[in-house]
Amino acid sequence: MSLPKSIQKTINEFSRLPGIGSKTAARLTFYLLTKSNEDVKNFGSTIANLKEGLVFCSKCFNISESDPCKICLDQDRNIDILCVVEEPLDVIALEKTNYKGLYHVLGGVISPIDGVGPENLRIAQLLDRLKKRNFKELIMATDPSLEGEATASYIVDEIEKLKKSDKIKKDLRITRIARGLPVGGDLEYADEVTLERAIEGRRKYR
Ligand SMILES: [Zn+2]
């Protein structure tokens, strides 16, 4: 027996989401079918409008309703510290700590298996930022996973090269968030206390 087209299509869409298998996708679809027409339409139009009015901040590449974003415009932040993260969700996680510097959102990690190279991330933009303005400290806050570590290492290598040719000031301090975060873990899922300790216990990268 084949399912009605609209049901099958919805199941297919749900199963394309991360962490959702075909069984969960079917369960979610049949759950929606128990709801009123209006509820289902609201759900659909919320998703349809998800990207309305959202932009990437041209400075930090966080997702925002304005460009520059609120964090980049905030006068009370320490503009001498720049924290490099993978995803906008990492910014949200770090905003729950006492960190008050600026951010740079890479938009992912280097992952050859997934076809993601340095050129697919905002690494060139990060290096540009470091060339244009003398930050005192750069915190590498990519996830403590294989890809996160490899990405941090790649970026630090690029910075070292630019330091040698005097394009980036030699006194830029590069730090890595402390261990204590689970290896292979995801920054955005770390609890606030662990994250707070990780950022306070950061140390010199090399
Ligand atoms: Zn910004």
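Residues numbered from 1 in each chain as written. Predicted model: local features only at pLDDT ≥ 70, side-chain atom pairs only at ≥ 80, totals over all residues. Heavy atoms only, no water.

### Observations concerning unusual backbone geometry
The linkage connecting D67 with the following residue, P68, adopts the cis geometry, with an omega of -5°. Residue position: P68 is located in the loop between β2 (63-64) and α4 (70-73). Here the phi dihedral of F61 falls at roughly 65°; this positive angle occurs in a residue that is not glycine. Structurally, the position occupied by F61 is in the loop between β1 (55-56) and β2. A relative accessible area of 13% places F61 in the buried class. A positive phi angle is found at D166, which is not glycine, with a value near 60°. The exposed category is assigned to D166, whose relative accessible area is 58%. (Helix = DSSP H or I, 4+ residues; strand = E, 2+ residues; numbered from the N terminus. Buried < 20%, exposed > 50% of the residue type's maximum accessible area, 1.4 Å probe, protein only.)

### A word on the packing of aromatic side chains
Summed over all chains, the structure comprises 1 aromatic pair. Taking 5.3 Å as the distance between ring centres and 65° as the angle between the ring planes, the aromatic pair formed by Y99 and Y103 counts as edge-to-face. As far as the burial class goes, Y99 and Y103 line up, both buried. Between the NZ or CZ atom of R122 and the centre of the ring of F56, over which it lies, the distance is 4.7 Å. The ring centre of F135 lies 4.9 Å from the NZ or CZ of R133, which sits over that ring. (Phe/Tyr/Trp six-rings, centres within 6.5 Å; stacked < 30°, edge-to-face > 60°. Lys NZ or Arg CZ within 6 Å of the ring centre and 35° of its normal.)

### Points about the coordination of the zinc ion
Taken together, C57 (SG), C60 (SG), C69 (SG) and C72 (SG) make up the protein donors of the zinc ion, found 2.3 Å from the metal. Metal-centred angles of 105 to 117° between the 4 donor atoms at the zinc ion mark the site as tetrahedral. Binding-site remark: the zinc ion is held by donors from one chain whose sequence spacing is C-x2-C-x8-C-x2-C. Residue class for C57 comes out buried when judged on its relative accessible area of 0%. (Donors = N, O, S within 2.8 Å, 3.2 Å for Na, K, Ca; no water. Tetrahedral: all angles 85-135°; square planar, octahedral: opposite > 155°, others 65-115°.)

### Quick look at the sheet that holds strand β3 (residues 81-85)
Reading across the sheet, the 5 strands line up as β4-β3-β5-β6-β7 and stay open at both edges, with mixed pairing between neighbours. Where the open sheet ends on each side, the last strands, each with one partner, are β4 (102-105) and β7 (203-204). Taken together, the 4 bridges between β3 and β4 define a ladder with parallel strand orientation. Looking at β4, one finds that V85 is bridged to V105. Contacts between helix α6 (residues 123-132) and the sheet are confined to β3, β4 and β5 (137-140), with β4 contributing the most and set at about 150° to the helix. On the sheet, helix α7 (residues 146-164) packs against β3, β5 and β6 (173-176) and is oriented at approximately 170° with respect to β6. (Pairing = 2+ DSSP bridges. Contact = heavy atoms within 4.5 Å. Axes fitted to C-alpha atoms, helices over the stretch in contact; angles between N-to-C directions.)

### Things to note about empty space enclosed by the protein
Here the structure, examined in full by the defined rule, presents 2 cavities of 30 Å³ or more. In this structure, the second largest cavity encloses a volume near 40 Å³. Along the walls of the second largest cavity sit L130, R133, N134, F135, I168, K169 and L172, which together make up its complete lining. Looking at the lining of the second largest cavity residue by residue, the class counts come to 4 nonpolar, 1 polar and 2 charged. (1 Å grid on protein atoms, 1.4 Å probe; cavity = no way out; pocket = protein on both sides within 12 Å on 5 of 7 lines; lining within 4 Å. Points joined across faces, edges and corners; volume = space filled by probe spheres on them. Nonpolar A, V, L, I, M, F, W, Y, C, P; charged D, E, K, R; others polar.)

Read these as spatial facts, not as claims about activity.
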